[in-house]
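Coordinate inspection notes
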Amino acid sequence: MAKIIEGDFSANTGKFSIVVARFNEFIVNGLLEGALDTLRRHGVPESNITVIKVPGAFELPLTVKKIARQGQYDAIIALGAVIRGATPHFDYVAGQCASGIASVSLDEDVPVIFGVLTTDSIEQAIERSGSKAGNKGADCAMTAMEMVSLYRSLE
Ligand code: INI
């Protein structure tokens, strides 16, 4: 029988930072509420959760990097919404945000969970921020807890 190592959702002693891009605030508020609700319902105490707000998704990578360097958090969740129809420079904002966040995670050795919606329409963003296609913020909170738990078992 192969040995299988995977995380679970027991990382409720972890410290979590949620970095939120305020642009498209109506959408991102749904993502933030989903993430907070999921962490709380898994027993993460309020004192272990810090929320940091920035203007837009373009500002997420450097902010995540600075937070990672503080060394206080077991996982960082980055939330935002970039909507193609409403964004002439969609590809720049979405692309820089995604690649910047990926490189911070690798460079700083902390799990950074990518919760930035990149959608073609506002309708698609609404669907993914707490309606018929679920809540990406809640999904990211689950991923964050799982990765904290997994990395503890790999240490
Ligand atoms: N920021 C977003 O988070 N989502 C968007 O859809 C968006 N649009 O539409 O442009 C957006 N732009 C702002 C950008 O993230 C920066 O805050 C701004 O360019 C200043 O650096």
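The model shown is predicted, which means the values in this text are computed figures rather than measured ones. In this numbering scheme, every chain counts its residues from 1 along its sequence in written order. With pLDDT at 70 or above as the cut-off, local features in this predicted model cover only qualifying residues; side-chain atom pairs require 80 or more to be listed or tallied, and sums for whole chains, interfaces and linings still use all residues. Side-chain measures were taken over the full set of non-hydrogen atoms in the model, leaving aside hydrogen atoms and water.

1. Section: the sheet that holds strand β1 (residues 16-21)
- Here, any two strands with at least 2 DSSP bridges between them count as paired. Elements are defined by DSSP. Helices are runs of H or I of four residues or more, strands are runs of E of two residues or more, and each kind is numbered from the N terminus. Judged by pairing direction, the sheet is parallel, and its four strands sit side by side in the order β2-β1-β3-β4 without closing on themselves. Either end of the sheet is taken by a strand with one partner, and the two such strands are β2 (49-54) and β4 (112-119). Sheet twist, expressed as the average angle between the axes of neighbouring strands with direction ignored, equals 15 degrees.
- Sheet contacts for helix α3 (residues 90-108): β3 (75-83) and β4; angle to β4, the most-contacted strand, approximately 170 degrees.
- Here helix α5 (residues 136-154) sits on the sheet and contacts β1, β3 and β4; the angle it forms with β4, its principal contact strand, is near 160 degrees. Only the stretch in contact is used when a helix axis is fitted, and all axes are lines through C-alpha atoms; the angle between N-to-C directions ranges over 0 to 180 degrees. In this analysis, two residues are considered to be in contact whenever any of their non-hydrogen atoms come within 4.5 Å of each other.

2. As for the packing of helix α2 (residues 60-70) against α3
- Interaxial distance between α2 and α3 falls to 8 Å at its minimum, and their mutual angle equals 15 degrees. Taken together, the axes of α2 and α3 are roughly parallel relative to one another. As for how α2 packs across α3, the hand of that crossing is right-handed. Contacts between α2 and α3 involve Leu-60, Pro-61, Val-64, Lys-65, Ala-68 and Arg-69 from the former and Gln-96, Cys-97, Gly-100, Ile-101, Val-104 and Glu-108 from the latter.
- Throughout, the ten residues Ala, Val, Leu, Ile, Met, Phe, Trp, Tyr, Cys and Pro are labelled nonpolar, Asp, Glu, Lys and Arg are labelled charged, and all others, Gly among them, are labelled polar. Here the contact of α2 with α3 is composed, by residue class, of seven nonpolar, two polar and three charged. An angle counts as roughly parallel when it lies under 35 degrees, as roughly antiparallel when it exceeds 145, as roughly perpendicular when it falls between 65 and 115, and as oblique in every other case. Each crossing gets its hand from how the near helix is turned against the far one by less than a right angle, where anticlockwise is left-handed and clockwise is right-handed.

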